[in-house]
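Structure assessment
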Amino acid sequence: MTTSVITGDIIKSRTNLNPDVWISALKEALSHLSPNNKYWNIYRGDSFQLELSNFTESFKAAVYIKACIKSFRGLDVRISIGIGEKTYEGNNVMESNGEAFVFSGETLETLKKEKQNLRIKTNHKALDDELNLCFRLALIAMDKWTVNAAEIVKLTMEHPKALQSELGQLVGINQNAVSSRQKRAHLEEIFALNRLYQEKTTHYLK
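**Some points on the pattern of salt bridges**
Pairs may arise between side chains of opposite charge once their charged atoms sit close together. All chains considered together, the criterion is met by 14 salt bridges. Among the salt bridges present, the one from Arg-78 reaches Asp-9, with a minimum N-O distance of 2.7 Å. One end of the pair, Arg-78, is in strand β4 (residues 76-88); the other, Asp-9, is in strand β1 (residues 2-11), and 69 residues separate them in sequence. The pair Arg-78 / Asp-9 is uniform in exposure class, with both members buried. Glu-89 is paired through a salt bridge with Lys-38; the nearest N and O atoms lie 2.9 Å apart. Note that Glu-89 is positioned in the loop between β4 and β5 (97-98) and Lys-38 in the loop between α1 (19-33) and β2 (40-43), a separation of 51 residues in sequence. For Glu-89, a relative accessible area of 37% puts it in the partly exposed group. Three or more residues are tied together by salt bridges with common partners; here these are Asp-9, Arg-78, Glu-109 and Lys-112.

**A few points about empty space enclosed by the protein**
What the rule picks out here adds up to 1 cavity of 30 Å³ or more. With 3 residues, helix α2 (residues 58-70) is the single largest residue contributor to the lining of the largest cavity. Partitioned by chemical class, the residues of the lining of the largest cavity number 6 nonpolar, 1 polar and 1 charged.

**A few points about the packing of aromatic side chains**
Applying the stated criterion across every chain yields a total of 3 aromatic pairs. Ring centres 5.6 Å apart and planes at 35° place the aromatic pair Phe-59 and Tyr-197 in the tilted group. Here the residue Phe-59 occupies a position in helix α2, and Tyr-197 occupies one in helix α8 (residues 187-205), the gap between them amounting to 138 residues. A residue is classified by how much of its surface remains accessible, and Tyr-197, at 0% relative accessible area, is buried. Clustering of aromatic rings is evident, with ring pairs tying together Phe-59, Phe-135 and Tyr-197. Its end group placed over the ring of Phe-103, Lys-121 keeps NZ or CZ at 5.0 Å from the ring centre. One residue, Lys-206, lies across the ring of Phe-55, its end atom 5.9 Å from the ring centre.

**Things to note about the layout of surface pockets**
By volume, the largest pocket is sized at about 250 Å³. As for the largest pocket, its lining consists of His-32, Leu-33, Leu-52, Glu-57, Lys-60, Ala-61, Tyr-64, Thr-156, Met-157, Pro-160 and Phe-191. Breaking the lining of the largest pocket down by element, the ones donating at least two residues are α1, α2 and α5 (147-158). Residues belonging to the lining of the largest pocket are distributed by class as follows: 7 nonpolar, 2 polar and 2 charged.

**Here we look at unusual backbone geometry**
Located in the positive-phi region is Arg-44, a residue other than glycine, with phi close to 55°. Secondary-structure assignment places Arg-44 in the loop between β2 and β3 (47-52). Here His-186, not a glycine, exhibits a phi torsion of approximately 55°, which is positive. Mapping His-186 onto the fold places it in the loop between α7 (175-184) and α8.

Definitions and cut-offs
Residues numbered from 1 in each chain as written. Predicted model: local features only at pLDDT ≥ 70, side-chain atom pairs only at ≥ 80, totals over all residues. Heavy atoms only, no water. Salt bridge = Lys/Arg side-chain N within 4 Å of Asp/Glu carboxyl O. Helix = DSSP H or I, 4+ residues; strand = E, 2+ residues; numbered from the N terminus. Buried < 20%, exposed > 50% of the residue type's maximum accessible area, 1.4 Å probe, protein only. 1 Å grid on protein atoms, 1.4 Å probe; cavity = no way out; pocket = protein on both sides within 12 Å on 5 of 7 lines; lining within 4 Å. Points joined across faces, edges and corners; volume = space filled by probe spheres on them. Nonpolar A, V, L, I, M, F, W, Y, C, P; charged D, E, K, R; others polar. Phe/Tyr/Trp six-rings, centres within 6.5 Å; stacked < 30°, edge-to-face > 60°. Lys NZ or Arg CZ within 6 Å of the ring centre and 35° of its normal.

Written as C-alpha cells, this is what we have:
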C-alpha cells in the first residue's frame, strides 16, 4: 500500500528554556493529525515521525506542524515527506518499514546538510522537482512567520469553517487583525499550494 511518512526535528530546540511546553504542543499536534498514537512517535527528545495513509494530506500536515512549533518564539522545524510503498506494518511507526520510511529518513538528513526546512521524495523525480521548487518558494514566507502569524495559521487549520471574527475571539483580537495576520502569513497562497499538492500527488501516485 502507498503511504506517506513525515520525519522532522525541531530547530534550536536546545536553546528553548522550557522544552516541556513545546514537546507537549508537538504531542498535541501529532495526535490532532493522527488520534491513534501507533502512527506517530517522538524520539531523541526533539525528533518525530508520523505516518499518514492518506498521503494527499501530508503537505497540509507539515504546514500544521510548522505552525504549531513556530507559535513558540525562536523555534522552527525541519520536515521531510516521503511517499511510497509500505512493506511492513510494525507495532508502532518506528517499527514499520518500506520505501516511504526510507525516503523520509534519508531526505531529512539531506535537509540538515542543505539548511532547508521542507522537502518531499517519491518515486517520481518530475513530481519531486516541481513540488520541491514550490516548497522553496513557500518557505520564503513560512520560515519568516512570526509567533502571531503561526498562531493564526494553526487556529485557521484547526477551525476551517470558523469566521475570522470567531478566530479572533479565540485569541482576543478583532476580525481585521485576524485578516491581517492571515495575509502576512500568505495563508491563501499556501492553501492554493495545498490544492496543487493534492492534485499532483493524486495524479502521479494513486
